[in-house]
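Descriptive analysis of the structure
Below are the chains, spelled out letter by letter.
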Amino acid sequence: MQKVVRGTLFSEEQIEHRVGELARAISDDYRDKGNVVLIGILKGSFIFLADLSRKLDIDRTVEFIAVSSYQGATSGAVRMIMDVRGDIAGRHVLIVEDIVDTGNTLKYLIQILKSRNPASIKTCALLHKAEATVADVPIDYVGFPIGNEWVVGYGLDYDEFGRTLPYIGVIDPD
Ligand code: 7HP
């Protein structure tokens, strides 16, 4: 069935303003640390990472990781389908997510990346669905807390629907 966006949750202006605030907080925290490696989780983070990375005023490098959920898995198991290119040992890593829902993906990524001995790992999510989060994961920078609704736009999708909308809207998934 054709999907429709039921309403706007965050406008372009609201997103731009909040991303600016996040960029300032991150820049302040990392200013004395040298280079930070921003690791965007595909596909959802691609627009957020592009905007956030350009608003930072510190030395930074961009990498991407792609993950996929195991088909039919109820455990929240995920696997990596594309890894970072560079070595992160001794580097300051900031994982950049579009949304933290159950938190299982983030937990898995933190585990894997920690085993590579970075100098530090922090996490940044544009959106956090706190009611849905089951994994015990730290989110150091959150753009907006949201409720348990399905959102699309600004990189987020429902089966690819809505991914490139410039704002974040709510849909009825079924
Ligand atoms: C993943 C995801 N992707 C898009 N919209 C949402 O609301 C989502 N929750 N978890």
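Placed above this text is the structure.
Report follows, based on the coordinates. Keep in mind the model is a prediction, meaning the values are calculated, not measured.

So, how was this worked out
- Residues numbered from 1 in each chain as written.
- Predicted model: local features only at pLDDT ≥ 70, side-chain atom pairs only at ≥ 80, totals over all residues.
- Heavy atoms only, no water.
- Phe/Tyr/Trp six-rings, centres within 6.5 Å; stacked < 30°, edge-to-face > 60°.
- Helix = DSSP H or I, 4+ residues; strand = E, 2+ residues; numbered from the N terminus.
- Buried < 20%, exposed > 50% of the residue type's maximum accessible area, 1.4 Å probe, protein only.
- Lys NZ or Arg CZ within 6 Å of the ring centre and 35° of its normal.
- 1 Å grid on protein atoms, 1.4 Å probe; cavity = no way out; pocket = protein on both sides within 12 Å on 5 of 7 lines; lining within 4 Å.
- Points joined across faces, edges and corners; volume = space filled by probe spheres on them.
- Nonpolar A, V, L, I, M, F, W, Y, C, P; charged D, E, K, R; others polar.
- Core = buried A, V, L, I, M, F, W, Y, C linked by side-chain atoms within 4.5 Å.
- Contact = heavy atoms within 4.5 Å.
- Salt bridge = Lys/Arg side-chain N within 4 Å of Asp/Glu carboxyl O.
- Near = heavy atom within 4 Å.
- Polar contact = N/O pair within 3.5 Å; in protein donor to acceptor, adjacent residues only side chain to side chain.
- Areas by Shrake-Rupley, 256 points an atom, 1.4 Å probe, with all protein chains shown as cover.
- Sits in = over half its atoms within 2 Å of the grid points.

Let us now look at the packing of aromatic side chains. All chains considered together, the criterion is met by two aromatic pairs. On the basis of an interplanar angle of 15 degrees and a centroid distance of 3.9 Å, the ring pair of F10 and F144 is categorised as stacked. Taken together, the positions of F10 in strand β1 (residues 5-10) and F144 in strand β7 (residues 141-146) put the pair 134 residues apart, joining distant regions of the chain. When its relative accessible area of 11% is taken as the criterion, F10 is described as buried. F144 gets classed as buried once you look at its relative accessible area, which sits at 12%. For the ring pair W150 and Y158, a centre distance of 6.0 Å and an interplane angle of 85 degrees mean the geometry is edge-to-face. Lying across the ring of Y30, K33 places its NZ or CZ 5.7 Å from the centre.

Below, the discussion takes up the layout of surface pockets. As a volume, the largest pocket reaches approximately 910 Å³. In terms of lining, the largest pocket is formed by 30 residues, of which the most central are S69, D98, I99, W150 and D157. Along the lines of polarity and charge, the residues of the lining of the largest pocket split into 13 nonpolar, eight polar and nine charged.

So, on to the nonpolar core. Here is a general trend for soluble globular proteins: nonpolar side chains tend to be buried in one another's company. Counting 29 residues, the largest nonpolar core has F48, L52, L94, L127 and I168 as its most contacted members. Mapped by element, the contributors of at least two residues to this core are α1 (12-30), β2 (36-42), α2 (46-55), β5 (92-100), β6 (120-129), β7 and β9 (168-171). Per element, the largest residue contribution to this core is six residues, and it comes from α1. Here L52 is in contact with V19, L22, A23, I26, V96 and C124, once residues within four sequence places are set aside.

Using the criterion set out here, one finds 11 salt bridges in the structure. Between D28 and R31 there is a salt bridge; the shortest N-O distance is 2.7 Å. On the basis of relative accessible area, D28 is assigned to the exposed category, the value being 52%. On the accessibility criterion, R31 (40% relative accessible area) is partly exposed. R31 is paired through a salt bridge with D57; the nearest N and O atoms lie 3.0 Å apart. Pair noted here: R31 is in the loop between α1 and β2 and D57 is in the loop between α2 and β3 (60-69), with a separation of 26 residues, a long-range link. The structure contains a network of salt bridges with shared partners spanning K43, D157, E160 and R163.

Taken as a whole, α2 has its buried residues at I47, F48, L49, L52 and S53. If you follow the buried residues of α2, they end up packed against α1, β2, β3, β5 and β6.

Let's shift gears to the site of the ligand. Around the ligand sit I99, D101, K129, E149, W150, V151, L156 and D157, and that is every residue in its neighbourhood. Contact distances for the ligand include 2.8 Å between a nitrogen atom and a side-chain N or O atom of D101. Between the ligand and K129 there is a distance of 2.9 Å, counted from an oxygen atom to a side-chain nitrogen or oxygen. Starting from 260 Å² of accessible surface for the ligand in isolation, the protein chains cover 84%. Judged by the fraction of its atoms near the pocket grid, the ligand is located in the largest pocket. For the shell around the ligand, the residue count by class is four nonpolar, no polar and four charged.

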